[in-house]
Amino acid sequence: MSPDKYIKNYIDGALVPAISGEYLDNVNPAIGQVYSHIPASEASDVQRAYEAAERAFPEWSKAGVQKRFRILTRLADIIEQNLDAFAKAESIDSGKPFRNAQTIDIPRAHQNIRFFATAIMHFSSESHHMEGEAINFTLRQPIGVVGCISPWNLPLYLFTWKIAPALATGNCVVAKPSEVTPMTAYLLSKACIEAGLPPGVLNIVHGEGPKAGQAIIEHPKIKAISFTGGTNTGRKIAATAAPMFKKLSLELGGKNPNIIFADCDFDKMIVGTLKSSFSNNGQICLCGSRIYVERPIYDKFKEELVKRTKFLKVGDPFSSVTDLGAMVSRSHMEKVMSYVALAEVEGGKILCGGEQVEMKGEHEGGYYLRPAVIEGLPHDCRTNQEEIFGPVVTIMPFDTEEEVLKYANGTDYGLSATLWTKDITKANRIAESIQAGIVWVNCWLLRDLRTPFGGVKSSGVGREGGLEALRFFTEAKNVCFKY
Ligand code: NDP
């Protein structure tokens, strides 16, 4: 399973270039150099992918769960057998440490596929009995051809999280990974061929969001869209797709609060907080970027967080001692640095980090940032309201539960929240009142794939995960039989 210099689209079971023959550059962010090229696909490529998917649909949708289970399980096995090749490709494409790709991203990708392959074997629908008169039963049928679009931060992890339930429920898919991190989606194409996935069942079209992505959204016969990405892109997608009455699942940005009470287990909290602040360079929608600390432990917390943050090793993604690799692109690194500058203008004090790391040798041109901790900002300033999506956290003291709830809920976002306390009653009280789709108490990013996943407010519409995803990718039809 090897990456190639020229990535191809995967359409109708074959690896093909874009119809235009044009390519886009693909950059390795660890060295800041172009290392491969991706097809610059357009609406005509999406149309070709749609036609292949439409042809494949009748057979795939009627193939039965056993057959779909077998093929998807084979696909999961192939990814697992090629774990290191996938992890290496993911690390080169995204700048994340190889170790993270090897232990988090790629294992989760094959788990996603296996999870939904198995789930479909146990998926059932309801029946409603009208005593003495009739029985209703609900058919759950695949929608047809659906679109899946995913971002660059967890490339194969999120791509498979969408594709797997769509395929398991009998849909055919036109999918687009981020143009910034296309390589593992390309390797997935090769794995699909090896697994014997029938041609046209899954089609992967590479290219820019506003062209290839938009063409998927605009396609009149692609009836459902599962999208993960930024809130502004989600807004554009909704504006196009909603008037066409498409089914929409939008997993968007976050500005998640991490609320730390004085009665927490400090040692566990500080380890968890370092992770929720800087994992994947803070480029996870669930990272806790606004940290609220109960005043009695604020100074102790500040000292410990800054000490540990300074200790994090930023550098070569393939070094075993690296904690944070490269940022995904120059433009993203510059965006994050502009927020650090903004924080200073808004009156914040940079306690550590926020500056580019000067690397030597091969990595000289790479995009490396020191993780930043900032204090002294009001909760309603732009730094505390807008998603930065980088290794930048702000810390703020609070005195009462009421006050911290007001801060925590005081953004347009509502994806996740983390609480650290030993008081279960307080934790339950806050969990009930917090405006978020996911609340972690005394942990972060602990995921059970059966649970609903998604956000409220500007963080999205709909839920993924477990049965929610199987329901999203099926249409419910009630059949009523009179005695
Ligand atoms: P973007 O919204 O820029 O892109 C996401 C995907 O959409 C990419 O494949 C992109 O293509 C594509 N795209 C861009 N424009 C359009 C369009 N007009 N029509 C259709 N598709 C389009 O997000 P990022 O890739 O920058 O990812 C970061 C964002 O994703 C953050 O806001 C983060 O919070 C969010 N996110 C949310 C998660 C959640 O579960 N809620 C999980 C992970 C991330 P291309 O890249 O090729 O331009």
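Residues numbered from 1 in each chain as written. Predicted model: local features only at pLDDT ≥ 70, side-chain atom pairs only at ≥ 80, totals over all residues. Heavy atoms only, no water.

With that settled, the discussion passes to the pattern of salt bridges. Considering all chains together, one arrives at 18 salt bridges under this definition. Notably, a salt bridge pairs Arg 114 with Asp 77, separated by 2.8 Å at the nearest N-O pair. Residue Arg 114 is located in helix 4 (residues 98–122), and its partner Asp 77 is located in helix 2 (residues 65–81); the two are separated by 37 residues in the primary sequence. By sharing partners, the salt bridges in this structure join Asp 77, Glu 80 and Arg 114 into a single network. (Salt bridge = Lys/Arg side-chain N within 4 Å of Asp/Glu carboxyl O. Helix = DSSP H or I, 4+ residues; strand = E, 2+ residues; numbered from the N terminus.)

Moving on: the domain arrangement of the protein. Structurally, the protein comprises domain 1 (9–252 + 459–482) and domain 2 (256–448). For domain 1 versus domain 2, the separation of C-alpha centres amounts to 30 Å. Each partner contributes to the interface: domain 1 provides 25 residues, whereas domain 2 provides 28 residues. On the surface where domain 1 and domain 2 come into contact, there are zero salt bridges. Looking at the side of domain 1 that touches domain 2, the elements with two or more residues in it are helix 3 (83–94) and helix 4. With four residues, helix 3 is the single largest residue contributor to the side of domain 1 that touches domain 2. Split by residue class, the side of domain 1 that touches domain 2 holds 12 nonpolar, eight polar and five charged. (Domains from an automatic or database assignment. Contact = heavy atoms within 4.5 Å. Nonpolar A, V, L, I, M, F, W, Y, C, P; charged D, E, K, R; others polar.)

For the rest of this paragraph, the subject is the packing of helix 2 against helix 6 (residues 183–195). Packed helix pairs are characterised by how far apart their axes lie and by the angle those axes make with each other. With their axes 9 Å apart at the nearest point, helix 2 and helix 6 run at an angle of 130° to one another. Classed by the angle they form, the pair helix 2 and helix 6 counts as oblique. For the crossing formed where helix 2 meets helix 6, the hand is right-handed. The segment helix 2 lies against helix 6, with Ile 71, Arg 74, Leu 75, Ile 78 and Ile 79 engaging Leu 188, Ala 191, Cys 192, Glu 194 and Ala 195. Split by residue class, the contact of helix 2 with helix 6 holds eight nonpolar, no polar and two charged. (Axes fitted to C-alpha atoms, helices over the stretch in contact; angles between N-to-C directions. Parallel < 35°, antiparallel > 145°, perpendicular 65-115°, else oblique. Left-handed = near helix turned anticlockwise from the far one by under 90°.)

What follows concerns the sheet that holds strand 6 (residues 134–142). If you walk across this open sheet you meet the three strands as 5-6-20, and the pairing is antiparallel. Both outer strands of the open sheet, strand 5 (127–130) and strand 20 (474–482), are each paired with one neighbouring strand and no more. Taking each pair of neighbouring strands and ignoring which way they run, the sheet shows an average axis angle of 20°. Sheet topology places strand 5 next to strand 6; four bridges connect them, and they run antiparallel. Each residue of the ladder has a partner; that of Met 130, found in strand 6, is Ala 134. (Pairing = 2+ DSSP bridges.)

Considering all chains together, one arrives at five cavities of 30 Å³ or more under this definition. Along its surface, the largest cavity is lined by 15 residues, and Tyr 157, Leu 158, Cys 285, Leu 286 and Phe 453 are the ones closest to its centre. The leading source of residues in the lining of the largest cavity is helix 5 (residues 155–168), at three residues. Lining the lining of the largest cavity are residues from two domains, each supplying at least three of them: domain 1 (9–252 + 459–482) and domain 2 (256–448). Looking at the second largest cavity, it is lined by 15 residues, and the ones nearest its centre are Gly 254, Gly 282, Cys 287, Ser 289 and Phe 389. Split by residue class, the lining of the second largest cavity holds seven nonpolar, six polar and two charged. (1 Å grid on protein atoms, 1.4 Å probe; cavity = no way out; pocket = protein on both sides within 12 Å on 5 of 7 lines; lining within 4 Å. Points joined across faces, edges and corners; volume = space filled by probe spheres on them.)

On to helix 9 (residues 266–278), then. Taking 1.5 Å of rise per residue, 13 residues should cover 18 Å, and helix 9 covers 18 Å from first to last C-alpha, within 8% of that figure. For helix 9, every residue scored as buried is listed here: Phe 266, Met 269, Ile 270, Gly 272, Thr 273, Leu 274, Ser 276, Ser 277 and Phe 278. Asn 280, located one to two residues past helix 9, shows a positive phi value of around 50°. (Expected span 1.5 Å × (residues − 1). Buried < 20%, exposed > 50% of the residue type's maximum accessible area, 1.4 Å probe, protein only.)

What follows is about the environment of Gly 354. When you line up the elements, Gly 354 lands in the loop between strand 14 (349–352) and strand 15 (372–375). Judged by its relative accessible area of 12%, Gly 354 is buried. Taking the C-alpha atoms as reference points, Gly 354 and Ser 338, separated by 16 residues in sequence, lie 9.5 Å from one another. Not counting residues up to four positions away in its chain, the partners in contact with Gly 354 are Met 337, Val 340, Leu 369, Arg 370, Pro 371 and Ala 372.

Let us now look at the nonpolar core. In summary, soluble globular proteins display a tendency toward joint burial of nonpolar side chains. Counting 97 residues, the largest nonpolar core has Ile 163, Val 173, Leu 188, Leu 202 and Leu 286 as its most contacted members. By residue number, the principal contributor to this core is helix 5, which donates 10 residues. In terms of domain composition, this core takes at least three residues from each of domain 1 (9–252 + 459–482) and domain 2 (256–448). With residues up to four places along the chain from it excluded, the contact list for Leu 188 reads Leu 75, Ile 79, Phe 86, Ile 113, Leu 156, Phe 159, Ile 163, Leu 202 and Ile 204. Within the second largest apolar cluster, 28 residues are counted, among which are Ile 260, Leu 274, Ile 291 and Ile 395. (Core = buried A, V, L, I, M, F, W, Y, C linked by side-chain atoms within 4.5 Å.)

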